[in-house]
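Residue strings, one per chain:
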Amino acid sequence: VQLQASGGGLVQAGGSLSVSCAASGSIFSIGAMGWYRQAPGKQRELVARITAGGSTNYADSVQGRFTISRDNAKNTVYLQMNSLKTEDTAVYYCNAEIRTGRSWTTNRDYWGQGTQVTVSS
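What comes next is a walk through the structure. (Residues numbered from 1 in each chain as written. Predicted model: local features only at pLDDT ≥ 70, side-chain atom pairs only at ≥ 80, totals over all residues. Heavy atoms only, no water.)

Topic: the overall build of the protein
Scanning the protein for helices and strands turns up zero helices and eleven strands. Each helix and strand of the protein, placed in order from N terminus to C terminus, yields the pattern β-β-β-β-β-β-β-β-β-β-β. Computed over C-alpha atoms, the radius of gyration of the protein comes to 14 Å, within 12% of the 14 Å expected from 2.2 N^0.38 for 121 residues, which places it in the range of a compact globule. Along the first, second and third principal axes, the C-alpha set of the protein runs to 50 × 25 × 25 Å. Counting the 121 residues in the protein, one finds 39% classified as buried. Of the accessible surface of the protein, which amounts to about 6300 Å², a share of 45% is contributed by carbon and sulfur atoms. Separation between the mean location of the 11 positive side-chain charges and that of the 7 negative ones in the protein comes to 6 Å. (Helix = DSSP H or I, 4+ residues; strand = E, 2+ residues; numbered from the N terminus. Rg over C-alpha atoms; globule rule 2.2 N^0.38 Å. Buried < 20%, exposed > 50% of the residue type's maximum accessible area, 1.4 Å probe, protein only. Areas by Shrake-Rupley, 256 points an atom, 1.4 Å probe, with all protein chains shown as cover. Lys, Arg positive; Asp, Glu negative; His and termini not counted. Charge placed at Lys NZ, Arg CZ, Asp CG, Glu CD.)

Here's the deal with the nonpolar core
Core analysis: the biggest nonpolar cluster contains 31 residues, and Trp35, Leu79, Met81 and Tyr92 have the highest contact counts within it. Looking at this core, the elements with two or more residues in it are strand 1 (2-7), strand 3 (17-24), strand 4 (29-38), strand 5 (45-50), strand 7 (66-71), strand 8 (76-81), strand 9 (90-99) and strand 11 (115-120). Among the elements that line this core, the one with the most residues is strand 9, at five residues. (Core = buried A, V, L, I, M, F, W, Y, C linked by side-chain atoms within 4.5 Å.)

Right under this line is the structure:
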């Protein structure tokens with residue numbers, strides 16, 4: 001199983017960016033998917049998460065500015081980031097709970113490779 005992230009880049013404060021992450025491989029089912037970020041010198045933190053049923057939750061710092069969505073047919077999760085701030089600068093990682101077989105013992109977390117988002121002032 002692989003998670004391949006794409007998107008990100010450099011944008012000025014106040015601008016918008018989007019990132020996406022596609023899961024591939026021997027996938028039986030996907031549960032929650034999410035985005036985390038890690039800024040230099042800081043711990044990795046949850047940005048947004050979406051369940052298989054579409055329920056979402058966001059970090060307080062991005063609530064109202066970021067939107068997470070998913071396309072279950074494409075095994076893909078998206079993050080639309082609007083009104084970006086310099087403090088949003090970080091490497092963004094996607095995460096997914098994936099079962100590779102019928103047994104729940106095959107359920108585990110997978111991580112994408114990370115994509116850089118840089119917001120300039």
